[in-house]
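# Structure assessment
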Amino acid sequence: MVVLSPPVSLQTGMIRQRPEKRRSFMLREKTGFAVLVFIFLFIIAKSSLLYGQAFLVRPMRIEIDPPPNSRVNIPLELRNTMGDRARALELAVVELSQSRTGAWIPVDSAGDDDNPPEQIPSCRSWIELEETEVEIEPLDGRTVTVGLHVPPRARGAYFAAILAQSRPPEDAEGIALRMRFLIPVIVRIQGRPVREQIELSDANMQYRPASEERPATTAAVMTVTNEGSTYSRVSGELRVERKSGERWRPVARVESRERGIMPGVTFELVKDLNRRLPSGTYRMRGVLHVDGRRKAPFTREIEFAGDPGIDDVAYDQTLELNPGRVEIDARAGAVRSEVVTVSNPGEDPVDVNVSAALPKSLQGVMMGDVRGDSMGALEWISARPAEFQLGPNGRQNLRLIARLPRKGLEHPYYYADLRLNARYEDGQSAGETRSLVLLRNSEREAQVKAQAERLSLSADRGSRYIVQSKFTNVGNAHFTPNARAVLRPPRGDVELSTRLSGDEGVMLPLAGRHYSGVMDFENVAPGRYVLEVQMMFGDGERVRKRRLIDIGPEEAGEAGAGRRTVSFPEDGADTLGKEMDIMQLNGGSRDAQSDDRHRAIH
């Protein structure tokens, strides 16, 4: 049995409603050739044989944006990847929650006291399965329709999950593996926006004594709470500082990976600092990013009960690289090298270990038949020296060597993260520095393409609304993007414009990126407008996504403040979308993306 973890791909297709409501919806698939959520082992006989059941289930995540009072039909593909016999699969709809770590929980089989399911909006009752039991012949597949009936007054985000589990055959001998696939269903209702209220509510540290599995260490913890009605993507960064005399000295800086958070949920973003810290006064300075938008910083001083066996603090020694990004031109079978300079601006000597890793945005993603890890160059990159010591204010020239294989180079670019891990003489971490390495394969043509996937609104304060969008690099080369949102009448000049914030820097192929920004409609006259998000990239290229919105008259808001009502109209809402949703503007020409093209995101 092969288990792929983390999931190896994310795909997106277009799901169109039946003729009674001809609207289109985005279906975001998180598909893995074997994404195993739970394994139950059933001991059936005393034999030492191991019997495994291999299925492919896709999509592994369903995200749709329907209007109220609509019906959506979603195909769920089930495939028997084994060739020896037919296999049986059982399907059920269950409630969905999130654990304290942010992991999905099927409520029928697990609970979480911190996030009780009754406070999470459920769409379980909306979902109908065409079949609940299917038998699939060897190397064959079946498609089961998942029907979703959205009530007339639905508003905000709703959740459920489809649980697909294999049924061991009656004649199985030995140990049988029962595989369970959890497919989250995330429904964002079109119409009037709901309130976003996601905050970094706490930041702390935890001392973790040594165990048989790991040495003693310190973990940084950021607590995130969603008291609003939106489903959003969140990530965080935390700076830990130690009071030294009258000043605060930086100890460590950590970043957490992006993940989704449901309404009514509280979870913790935990990062291991890979070091032991003594007791004392520390300051935690955290920043939360919600759909790419930076929230107000959170600051807290704590009295930390740390490792009783040490007195000295292991501070981060951030190394400097020159140049900060390495680009190497090569071709199949060639050996090329570049020299970078590593500097230690710190006050203490450190031991440095150099290695290569697959960039995070290429991990677990797929577009069509192209896997993200097929663009990785980590196996071809080596460094000389790979280990060395840097004294205070010391420098070291590092030669990066790229050895490309003679065959199998299908992409114009290959990527790797150069990782420099610094440690003190006692073995404690002094931090990690990363740099992107780009290998250019001159024998393949680079195609810079992007796609606009999502445009939505959520309410902020008064007449302020948060514009949220998502863009994806669907080409085979990287670029550096920037994004904006504009508001204008259907025929007229721009009324409002705002920059959208998100992750900065190079966007690699297959990567999806969320952006958001605030628009204040207080001085906008009531009427129908076009809301547009656009991302600029490459050599003057851009992609756009448009939606019609209705801005109503001012109404009473909180504390007597005026508030503009904003909503997405049901009539004609797709007119602009069909024209602009999936379009590449390149020198005035349109390159429509196919419905089955894969869009990837973490």
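First, a word on what this report is: a plain description of the structure on this page. Sequence order as written defines the numbering, with residues in each chain counted from 1. Only residues with pLDDT of 70 or above have their local features reported here, since the model is predicted, and side-chain atom pairs are shown and tallied only from 80 upward, although totals for entire chains, interfaces and linings are computed over all residues. Note: side-chain values were computed over all heavy atoms of the structure, leaving out hydrogens and water.

## Some words on the nonpolar core
By nonpolar core is meant a set of buried Ala, Val, Leu, Ile, Met, Phe, Trp, Tyr and Cys residues that side-chain atoms within 4.5 Å join together. For the exposure calls, accessible area comes from a 1.4 Å probe over protein chains only, and a residue counts as buried if that area is under 20% of its type's maximum, exposed if over 50%, partly exposed in between. One finds Met-205, Tyr-282 and Leu-439 to be the most contacted residues of the largest nonpolar core, which totals 70 residues. For this core, the element with the most residues is strand β34 (residues 413-423), which contributes five residues. Those residues within four positions of Tyr-282 in sequence are excluded, and the remaining contacts are Met-205, Val-240, Glu-241, Arg-242, Trp-248, Val-251, Leu-277, Arg-300, Glu-301, Ile-302, Phe-304 and Val-313. Elements are defined by DSSP. Helices are runs of H or I of four residues or more, strands are runs of E of two residues or more, and each kind is numbered from the N terminus. Throughout, a residue-residue contact means that at least one pair of heavy atoms, one from each residue, lies within 4.5 Å.

## Focus on the sheet that holds strand β36 (residues 450-459)
Adjacent strands of a sheet form backbone hydrogen bonds with each other and so pair up, either parallel or antiparallel. A pair of strands counts as paired when DSSP detects no fewer than two bridges linking them. Pairing is antiparallel in the open sheet, where three strands are placed in the order β36-β37-β40. Looking at which strands have only one partner, the edges of the open sheet turn out to be β36 and β40 (512-520). On average, each strand axis in the sheet is inclined to that of its neighbour by 20°, with strand direction left out of account. By the bridge criterion, nine bridges tie strand β37 (residues 464-473) to β40 in an arrangement that is antiparallel. Following the sheet pairing, Phe-471 is matched in β40 by Arg-513. Every axis corresponds to a line fitted to the C-alpha atoms, with the helix fit spanning only the stretch in contact, and the corresponding angles, defined between N-to-C directions, vary from 0 to 180 degrees.

## Comments concerning a negative patch on the surface
Within the patch definition used here, like charges are joined within 9 Å and nonpolar side chains (Val, Leu, Ile, Met, Phe, Trp, Tyr) within 5 Å, considering only residues with over 30% relative accessible area and no salt bridge. All accessibility values rest on the Shrake-Rupley procedure with a 1.4 Å probe; residue burial counts only the protein chains present in the view. A pair is scored as a salt bridge if a Lys or Arg side-chain nitrogen falls within 4 Å of a carboxyl oxygen belonging to Asp or Glu. Only four residue types enter the tally: Lys and Arg on the positive side, Asp and Glu on the negative side, with His and both chain ends excluded. Charged groups are reduced to one reference atom each: NZ for lysine, CZ for arginine, CG for aspartic acid, CD for glutamic acid. On the surface, Asp-311, Asp-312, Asp-348, Asp-351, Glu-387, Glu-425 and Asp-426 cluster together into a negatively charged patch. Mapped onto the elements of the fold, Asp-351 is located in strand β28 (residues 350-357).

## Concerning the pattern of salt bridges
What the rule picks out here adds up to 28 salt bridges. Close ionic contact of Arg-142 with Glu-131 constitutes a salt bridge, the shortest N to O distance being 2.9 Å. In this pair, Arg-142 sits in strand β13 (residues 141-150) while Glu-131 sits in the loop between β11 (127-129) and β12 (133-136), placing the two residues 11 residues apart along the sequence. Relative accessible area serves as the criterion here: at 24%, Glu-131 is assigned to the partly exposed category. Through salt bridges with shared partners, a single ionic network connects Glu-196, Glu-199, Arg-293 and Lys-295.

## Quick notes on the side chain of Asn-80
Within the element layout of this structure, Asn-80 appears in strand β7 (residues 70-80). Given a relative accessible area of 0%, Asn-80 falls into the buried group. Only 3.0 Å separates the side chain of Asn-80 from the backbone nitrogen of Met-82, close enough to count as a polar contact. Polar side-chain contacts of Asn-80 include one of 3.3 Å to the backbone oxygen of Ile-136. The residues touching Asn-80, leaving out its near neighbours within four places in the chain, are Ala-54, Phe-55, Arg-85, Ala-86, Arg-87, Ile-136, Glu-137, Pro-138, Leu-139 and Asp-140. Here a polar contact means two N or O atoms within 3.5 Å. Within protein one must be a hydrogen donor candidate and the other an acceptor candidate, and residues neighboring in sequence count only if both atoms are side-chain atoms.

## Quick notes on the environment of Leu-129
For Leu-129, the location among the structural elements is in strand β11. Classification of Leu-129 as buried rests on a relative accessible area of 18%. Residue contacts for Leu-129: discarding those within four places in its chain leaves Leu-91, Ala-92, Val-93, Thr-145, Val-146 and Ile-162.

## Section: the sheet that holds strand β32 (residues 387-390)
Overall, mixed pairing links the five strands, which are arranged β26-β35-β34-β28-β32 in an open sheet. Each edge of the open sheet carries a strand with a single partner, namely β26 (326-330) and β32. Strand-to-strand, the axes of this sheet are offset by a mean angle of 25°, without reference to chain direction. Both β26 and strand β35 (residues 429-441) contribute to a ladder of five bridges, which runs parallel. Bridge pairing in β35 links Glu-327 to Leu-438.

## Notes on the packing of aromatic side chains
Two aromatic rings from Phe, Tyr or Trp, using only the six-membered ring of Trp, form a pair when their centres are within 6.5 Å; if the ring planes differ by under 30 degrees the pair is stacked, by over 60 it is edge-to-face, and anything between is tilted. For the structure on display, the rule yields nine aromatic pairs. Both rings, one in Phe-159 and one in Tyr-231, keep their centres 5.5 Å apart while their planes meet at 65°; by these two values the pair is edge-to-face. You can see Phe-159 sitting in strand β14 (residues 157-167) and its partner Tyr-231 sitting in the loop between β17 (217-226) and β18 (232-244), a full 72 residues away along the chain. Accessibility classification places Phe-159 together with Tyr-231 in one group, the buried group.

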